[in-house]
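Results of the structural survey
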Amino acid sequence: MQLKEPAPAKLNLALHVRGRLPDGRHRLETIFAFCTDGDVLTAAPADELSLEVTGQFAADLDAVEDNLVMRAAQALQQSAGVDQGAALTLTKNLPVSSGIGGGSADAAAALRLLTQLWKIDPAHATEVAPTLGADVPACLFSLTARGEGAGDQLQLVDAGVSGKPVLLLNPRAELSTADVFAAWNGVDKGPLGDWRAGRNDLETAAIEQVPLIGTVLAWLSVQPGVEIARMSGSGATCFAIFDSEATRDQAEVAVPREWWRLATFLR
């Protein structure tokens, strides 16, 4: 028996950095949304835990034993007191360190998949998720949500984007989340209300480190049919929401060959 679970790409429709939390992490207000495409994880029963990584970006991942999928599996195993293993295979379709939650989405998919395989209480996955990263709780649900705190205090919302065509672009540049947050200028520009009127407060810091992000955003913003174009998370991936599938596909055809792209839809 082999089970299969998607690990949808995550977007931050807006991301406001409001300051610091008592534990030193940045205090955020964000809207999470998820795409219909991303990485894919499969699992089959086994005596031990193992992970095989395939796909376009497999070579860019850290050592398998330190991969977030393995860390999630081991943490869930310990939390639930499970002595079973699993043979996991991750198909890595999303770029690494790119602001679209690849590692967090993969970890969340592992929690969902192994909860089903091991027939354990889903409460264990909910308990383990925040220990793996601030985005993992949102990715565990993979539903549109407002995130506060470090992004891990969640409230489901209707952002009016379900089914919308979206184009993701990355100039094939990895960015360290920690480095981008460290370069944030510390200015609180105000709360997040309507996400459409919001912003990504990390864009300036990310563009300073990878100027091509500015080029990608400028390119996206002038495409016919674009309703909004922003950077996701700490970059370097940017996205544009389009008024129709046809205009999105028209833009995808024109994307410079050297950039990674994904034409998809919002869930």
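Cut-offs and rules
- Residues numbered from 1 in each chain as written.
- Predicted model: local features only at pLDDT ≥ 70, side-chain atom pairs only at ≥ 80, totals over all residues.
- Heavy atoms only, no water.
- 1 Å grid on protein atoms, 1.4 Å probe; cavity = no way out; pocket = protein on both sides within 12 Å on 5 of 7 lines; lining within 4 Å.
- Points joined across faces, edges and corners; volume = space filled by probe spheres on them.
- Nonpolar A, V, L, I, M, F, W, Y, C, P; charged D, E, K, R; others polar.
- Core = buried A, V, L, I, M, F, W, Y, C linked by side-chain atoms within 4.5 Å.
- Buried < 20%, exposed > 50% of the residue type's maximum accessible area, 1.4 Å probe, protein only.
- Helix = DSSP H or I, 4+ residues; strand = E, 2+ residues; numbered from the N terminus.
- Axes fitted to C-alpha atoms, helices over the stretch in contact; angles between N-to-C directions.
- Parallel < 35°, antiparallel > 145°, perpendicular 65-115°, else oblique.
- Left-handed = near helix turned anticlockwise from the far one by under 90°.
- Contact = heavy atoms within 4.5 Å.
- Phe/Tyr/Trp six-rings, centres within 6.5 Å; stacked < 30°, edge-to-face > 60°.
- Lys NZ or Arg CZ within 6 Å of the ring centre and 35° of its normal.
- Arc of directions from axis to C-beta.
- Expected span 1.5 Å × (residues − 1).

In this model, the largest pocket occupies a volume close to 970 Å³. Of the residues belonging to the lining of the largest pocket, the class tally is 15 nonpolar, 18 polar and ten charged.

Ranked by size, the top nonpolar core spans 36 residues in total, and within it Leu41, Leu88, Leu111, Leu114 and Trp118 carry the most contacts. With nine residues, helix H2 (residues 102-117) is the largest single contributor of residues to this core. One finds Phe181, Val210, Ala236 and Ala251 within the second-largest nonpolar core, a separate group that totals 27 residues.

The N-to-C vectors of H2 and helix H3 (residues 123-132) enclose an angle of 160°; their axes lie 10 Å apart at closest approach. When the axis of H2 is compared with that of H3, the two are roughly antiparallel. As H2 runs across H3, the sense of the crossing is right-handed. Contact residues: Ala107, Leu111 and Thr115 in H2; Ala125, Val128, Ala129 and Leu132 in H3.

Glancing now at the packing of aromatic side chains. Counted under the stated rule, the structure contains two aromatic pairs. Aromatic pair Trp219 and Trp259: ring centres 6.1 Å apart, planes at 90°, arrangement edge-to-face. Highlighted residues: Trp219 in helix H7 (residues 212-221) and Trp259 in the loop between helix H8 (245-254) and strand E10 (260-265), separated in sequence by 40 residues. Residue classification places Trp219 among the buried positions, given a relative accessible area of 17%. Residue Trp259 is classed as buried on the basis of its relative accessible area, which comes to 5%. Stacked on the ring of Phe265, the Lys or Arg Arg248 has its end atom at 4.6 Å from the ring centre.

Along H8, the residues classified as buried are Thr247, Arg248 and Ala251. Along the axis of H8, the buried positions cluster into a sector of 100°, meaning they face one direction only. Opposite the buried face of H8, at more than 90 degrees from it, the exposed residues are Ala246, Gln250 and Val253. Residues of H8 that are buried sit in contact with strand E7 (165-170), H7, strand E9 (238-242) and E10.

Relative to the helices and strands, Gln74 is located in helix H1 (residues 68-80). Accessibility expressed as a relative area gives 36% for Gln74, which makes it partly exposed. Sequence separation between Gln74 and Leu111 is 37 residues; the distance between their C-alpha atoms is 10.0 Å.

Helix length check: H2, at 16 residues, gives a terminal C-alpha distance of 22 Å against a target of 22 Å (1.5 Å per residue), a fit within 8%. Judged by how many residues are buried, H2 sits mostly within the fold: 14 of 16 residues are covered. Within two residues after H2, Lys119 carries a phi angle of roughly 55°, on the positive side.

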